[in-house]
Amino acid sequence: MDFLVLPDHPASDALVRCLPASPSRHAFHHPSGRPWVVGHWSPDEVLTAEAGPRRIALLGTASATPDALTRLLHGPGHLDGIGERARHLPGSYFLLTAVDGDLRCQGDLATVRQLHHARIGGVTVAGNRPQDLAALARGAALAGLPLGAPGIGFVDEESLALRLLFPFPPLPLTLRPLWHSVPAVPPGHHLTLYANGRHALTRWWRPPEPEVPLERAAEAVRQALTDAVAARAARARRQAAAAGADGADAAAGANGTAGANGTSRADQMDRGKGHGTLSVGLSADTAATGLCFLAAREDVGLITTSWGDRTPGGGHGATASADGTTWTDRTAALLRAPERPHPREHEAPGPRARNGARTRNGTDNGTRRVKAKIKVKVGGQGRGKSRAEEPSGPPHGGATHLSLPYADAPTWYAPPPPPVRTGRTGHTDPAAPLAAFREAARLLHRSRLVAEHGSRLHLDGAGGDELFAHRTVALNSLARRDPQAAARRAWTAHHLCGWTAPETLRTLFGGRPYDRWLAGSARRLSAGAGPRNTGADWETVPGMPPWAHPDAVATVRRLLREAAAERPEPFGPLRSQHETVRAAIRAGETVRGIGALTAPYHVGYEAPFLDDAVIEAALALHLADRTRAGVHQPLLTRALRGIVPDGVLGRGPRPAPGAGPGTVPHTGPRAHRDAFSAHRDDPSALCDDSLLAERGLIHPGLLRHHLTSRRPHPHTPHALPPTLATEYWLRALAPSDATTPSPSAPGRHRR
């Protein structure tokens, strides 16, 4: 999906003429007839409504209906009134509204749906892809339209230096785009476009006060997650209905005659209506397990996927891998059962629990076959199946589980496939380097398989750990509200985690205002210094890789100081609230990139845990309950009670911290080392003609040394993915997208 939002201004017609010709482009219009929204999207991704001069569009995933949207337009208030009423619609989407020539454009909190804007041709234009705004700016300049900011539409090389930071830049700089003068709309803000071509940014969201007790917070999380998964199921049904209609039109005439496969138009329409297929990644992680059981309650087919045994040979890694595989097999068996207890019967009681249940009916057209050798488990047995033996859809009354053997899939650091130049997508996200670069080839492999089994929407548990895992900084926030309770929790952590007395005191009472913390991060930055988090930091203090050029390090320090001088606001006064939202935004960036990566397979990538309602419900938990020791994700575990069977709820092996979407639990240093060793030559070859080195951002000799060393630097496994992702992103750009040399570029052409 890609789109641009244009104001009701005469310049909009000229800007649309600057777009490249595309017969598949759609458009919505202002009452004046001028273009309002132009772009590419599928029918299942858009919902619209009109009421006189008022218009509303949801682009993304939502369970709302056109009638519900129309009722929103009839309520009181101008743009803000409509926006406030629309806040409670479940799903993940862009909210676009138009009233009397003024426009409101809004994404989501986690930036899965992120908006950008730029001043082009004398007016402000918004869009969901910064590269499209950059291309429009270049096209408008060639057409002789009024010029925007200097360098607009070309790569900002100072932003490239920020992409070397690991694990990621601090929040203000994370939002800095890689394109000159194409800023992102900050999370929690909306963009207003006026008919005179100007714009305004307004903050509409602040985190709730963390004062809701555990039981009530669990009810809110349960309802929000149920609604989030239901929104994905509704979209899957729309996908199936659209596919059924298209297939029927192609296979049979309007008189209902049989098509080539012997089915009539009516039969094909019936098969496409009311059903769809969701795929969900299954692992021992509580969030992933919860998504599987939530999806099993919906009226869609269900495919679950898990990675098979990972670690050959013996040792702890093999044991951990076997434990995880056993656990996912046990969970998959429960999901496959054709007759399960009524999903609502054992749900924990709560005033917000929905009454009634949906019945699931799987879909199985029996026409597609799987090319790769995979293990498919139906009815409790699993064995290798060849292409000729394997049906595509989930069986009626139970989920299909795909156990993906590790040996048949690409490993970490496998080089990405060549770019796809014939379409709008390639092997990377054109908007920015992939946060999930290390796993890109594996994610593509899985997307191809679930697509061949009929899934067009894949659900991932990204956001589960970010929202519900224990965070040390929560003790610091609790100390500001209830010092005695914080001291008791810290005393327990002091003994369980082996903290020293100074570390415990610093965690409880340390910390500085956000702008001073940001300035301090600049002073601590140096090449080869790894990230750190003291428990009183607002965010993880990032590090620069050992191969970073001194000029690049100096540039990043300066950008950090400049960001601090602007006195940026944290998301909330409490560090725990800010850090949780910051972690959700990082997960949103990852999901956004994976969605662009998997688009060539027509598989949408969705993260229900990152919906606004789920984030708000998680943030409302009382700090004393968030810091309970000895309980893994207490809020999420309580919310899923009655949905996930007690035998598997919160009892599986724990995934490694920072495992990331689509990855496998227990991915420690050995997994990094083994996977990287298998592909050592590929990134090493990049050093010979590195575009980052050409721009003076890295020392190619130092990078090669760290790539080929048999005893790599301890930070290399973590510092390498951002560097490689940025290098591959630059190589995927068209030559016309790159900026010309400028004095502001850090150390250009120096090695």
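Residues numbered from 1 in each chain as written. Predicted model: local features only at pLDDT ≥ 70, side-chain atom pairs only at ≥ 80, totals over all residues. Heavy atoms only, no water.

### Quick notes on the overall build of the chain
Item 1. Within the chain, the regular secondary structure consists of 26 helices and 18 strands.
Item 2. The burial tally for the chain puts 59% of its 751 residues in the buried class.
Item 3. Restricting to contacts in the chain with at least 6 residues of sequence separation, those with at least 24 account for 73%.
Item 4. Of the roughly 29,500 Å² of accessible surface on the chain, a fraction of 54% belongs to carbon and sulfur atoms. (Helix = DSSP H or I, 4+ residues; strand = E, 2+ residues; numbered from the N terminus. Buried < 20%, exposed > 50% of the residue type's maximum accessible area, 1.4 Å probe, protein only. Contact = heavy atoms within 4.5 Å. Areas by Shrake-Rupley, 256 points an atom, 1.4 Å probe, with all protein chains shown as cover.)

### Description of the packing of aromatic side chains
Item 1. Scanning the entire structure with this criterion turns up nine aromatic pairs.
Item 2. Note on Phe468 and Phe609: the rings are 6.1 Å apart at their centroids and 75° apart in plane angle, and the pair reads as edge-to-face. Note that Phe468 is positioned in helix H12 (residues 464-468) and Phe609 in the loop between strand S18 (604-606) and helix H19 (612-619), a separation of 141 residues in sequence. With respect to burial, Phe468 and Phe609 carry one shared label: buried.
Item 3. The lysine or arginine in question, Arg138, covers the ring of Phe154, its NZ or CZ lying 6.0 Å from the ring centre.
Item 4. The ring centre of Trp412 lies 3.9 Å from the NZ or CZ of Arg438, which sits over that ring. (Phe/Tyr/Trp six-rings, centres within 6.5 Å; stacked < 30°, edge-to-face > 60°. Lys NZ or Arg CZ within 6 Å of the ring centre and 35° of its normal.)

### Details of the side chain of Ser306
Item 1. Within the secondary structure, Ser306 sits in strand S13 (residues 301-307).
Item 2. The exposure class assigned to Ser306 is buried, which follows from its relative accessible area of 4%.
Item 3. A polar contact of 3.0 Å, which involves the side chain of Ser306, links it to the side chain of His401.
Item 4. For Ser306, the residues in contact, after removing those within four places along its chain, are Leu282, Thr328, His401, Leu402, Ser403 and Leu404. (Polar contact = N/O pair within 3.5 Å; in protein donor to acceptor, adjacent residues only side chain to side chain.)

### Side note on the nonpolar core
Item 1. In this structure, Ile120, Phe468 and Met544 are the most contacted members of the largest nonpolar core, which totals 137 residues.
Item 2. With 10 residues, helix H7 (residues 214-251) is the largest single contributor of residues to this core.
Item 3. Two domains each put at least three residues into this core: domain 1 (2-203) and domain 2 (206-246 + 274-309 + 396-414 + 437-493 + 573-650).
Item 4. In this view, Ile120 contacts Leu15, Leu133, Leu136, Ala137, Ala140 and Ile152; residues no more than four positions away in its chain are not counted.
Item 5. In this structure, Val5, Trp36, Trp41 and Leu191 belong to the second largest nonpolar core, which totals 18 residues. (Core = buried A, V, L, I, M, F, W, Y, C linked by side-chain atoms within 4.5 Å. Domains from an automatic or database assignment.)

### Describing the sheet that holds strand S6 (residues 91-99)
Item 1. One open sheet holds the six strands; their spatial order is S4-S5-S6-S7-S10-S11, and the pairing between them is antiparallel. Of all the strands in the sheet, the pair left with one neighbour each is strand S4 (46-51) and strand S11 (199-203). Strand-to-strand twist across the sheet, computed as the mean angle between neighbouring axes with direction ignored, equals 15°.
Item 2. The pairing of S4 with strand S5 (residues 54-62) spans six bridges and is classified as antiparallel. Its bridge partner being in S5, Leu47 is matched across the sheet by Leu58. (Pairing = 2+ DSSP bridges. Axes fitted to C-alpha atoms, helices over the stretch in contact; angles between N-to-C directions.)

### Description of the packing of helix H13 (residues 473-481) against helix H15 (residues 501-509)
Two packed helices can be described by the angle between their axes and the distance between those axes.
Item 1. Their axes nearest at 6 Å, the elements H13 and H15 cross at an angle of 60°. Packed against H13, whose contacting residues are Leu475, Asn476, Ala479 and Arg480, the element H15 presents Arg506, Thr507, Leu508 and Phe509 at the interface.
Item 2. Grouping the amino acids of the contact of H13 with H15 by side-chain chemistry returns four nonpolar, two polar and two charged. (Nonpolar A, V, L, I, M, F, W, Y, C, P; charged D, E, K, R; others polar.)

### Let's talk about helix H2 (residues 66-73)
Spacing of three or four residues puts side chains on the same side of an α-helix, whose turn is 3.6 residues.
Item 1. Burial in H2 covers these residues: Ala68, Leu69, Leu72 and Leu73. The buried residues of H2 occupy an angular sector of 150° when projected down its axis, which confines them to one face. Pointing more than 90 degrees away from the buried face of H2 are the exposed residues Asp67 and Arg71.
Item 2. Residues of H2 that are buried make contact with S4, S5 and helix H3 (79-86). (Arc of directions from axis to C-beta.)

### Observations regarding unusual backbone geometry
Item 1. The peptide bond linking Phe166 to Pro167 adopts the cis configuration, its omega dihedral lying at 5°.
Item 2. Following the sequence through the fold, Pro167 ends up in the loop between helix H5 (157-162) and helix H6 (171-174).
Item 3. One non-glycine residue, Arg567, lies in the positive phi region at around 50°.
Item 4. Inspection of the secondary structure assignment puts Arg567 in the loop between helix H17 (550-565) and helix H18 (575-598).
Item 5. One non-glycine residue, Gln633, lies in positive phi territory at about 45°.

### Some words on the sheet that holds strand S2 (residues 26-29)
Item 1. What the five strands build is an open sheet, ordered S2-S3-S1-S9-S8; its pairing is antiparallel. Each edge of the open sheet is held by one strand with a lone partner, namely S2 and strand S8 (116-120). The sheet shows a mean angle of 20° between the axes of neighbouring strands, direction not considered.
Item 2. Where strand S1 (residues 2-5) lies against strand S3 (residues 35-40), four bridges are found, and the strand directions are antiparallel. For Leu4, the partnering residue across the bridge sits in S3 and is Val38.
Item 3. Sitting on the sheet, helix H4 (residues 130-142) touches S1, S8 and strand S9 (123-127), and the angle it makes with S8 is about 5°.

### A short note on the confidence of the model for the chain
Item 1. Across the chain, pLDDT averages 81, with 77% of residues at or above 70.
Item 2. Every residue in residues 421-426 is under pLDDT 50, and counting partners more than four places away or in other chains gives 14 contacts.
Item 3. Note that pLDDT drops below 50 for residues 655-667; the model gives that stretch 37 contacts with residues more than four away or on any other chain. (pLDDT = per-residue confidence, 0-100.)

### Some words on the pairing of strand S12 (residues 277-281)
Item 1. Extensive coverage of S12 is indicated by the burial of five of its five residues.
Item 2. Neither face of S12 is left uncovered, since the one carrying Thr277, Ser279 and Gly281 and the one carrying Leu278 and Val280 both have all their residues buried.
Item 3. In this view, the connection linking S12 to its parallel neighbour S13 by way of helix H9 (residues 286-296) has right-handed handedness.
Item 4. Of the strand pairs in this sheet, S12 and strand S17 (residues 457-459) are connected by two bridges, and their pairing is parallel. By the bridge assignment, Ser279 is partnered in S17 with His458. (Right-handed = clockwise from strand over helix to strand, strands pointing away.)

### So, empty space enclosed by the protein
Item 1. A complete count under the given rule lists eight cavities of 30 Å³ or more for this structure.
Item 2. Here the largest cavity is characterised by a volume of approximately 80 Å³.
Item 3. Every residue lining the largest cavity is listed: Gly107, Asp108, Thr111, Arg113, Gln114, Leu115, Val185, Pro186, Pro187, Gly188, His189 and Trp204. (1 Å grid on protein atoms, 1.4 Å probe; cavity = no way out; pocket = protein on both sides within 12 Å on 5 of 7 lines; lining within 4 Å. Points joined across faces, edges and corners; volume = space filled by probe spheres on them.)

### Quick notes on the pattern of salt bridges
Item 1. One pass over the structure, following the stated rule, counts 31 salt bridges.
Item 2. Notably, a salt bridge pairs Glu569 with Arg206, separated by 3.4 Å at the nearest N-O pair. Taken as a pair, Glu569 in the loop between H17 and H18 and Arg206 in the loop between S11 and H7 lie far apart in primary sequence, 363 residues in all. The pair formed by Glu569 and Arg206 is uniform in burial state, with each residue classed as exposed.
Item 3. Connected via shared salt-bridge partners are Asp44, Glu45, Arg113, Arg232, Arg235, Glu606 and Asp611. (Salt bridge = Lys/Arg side-chain N within 4 Å of Asp/Glu carboxyl O.)

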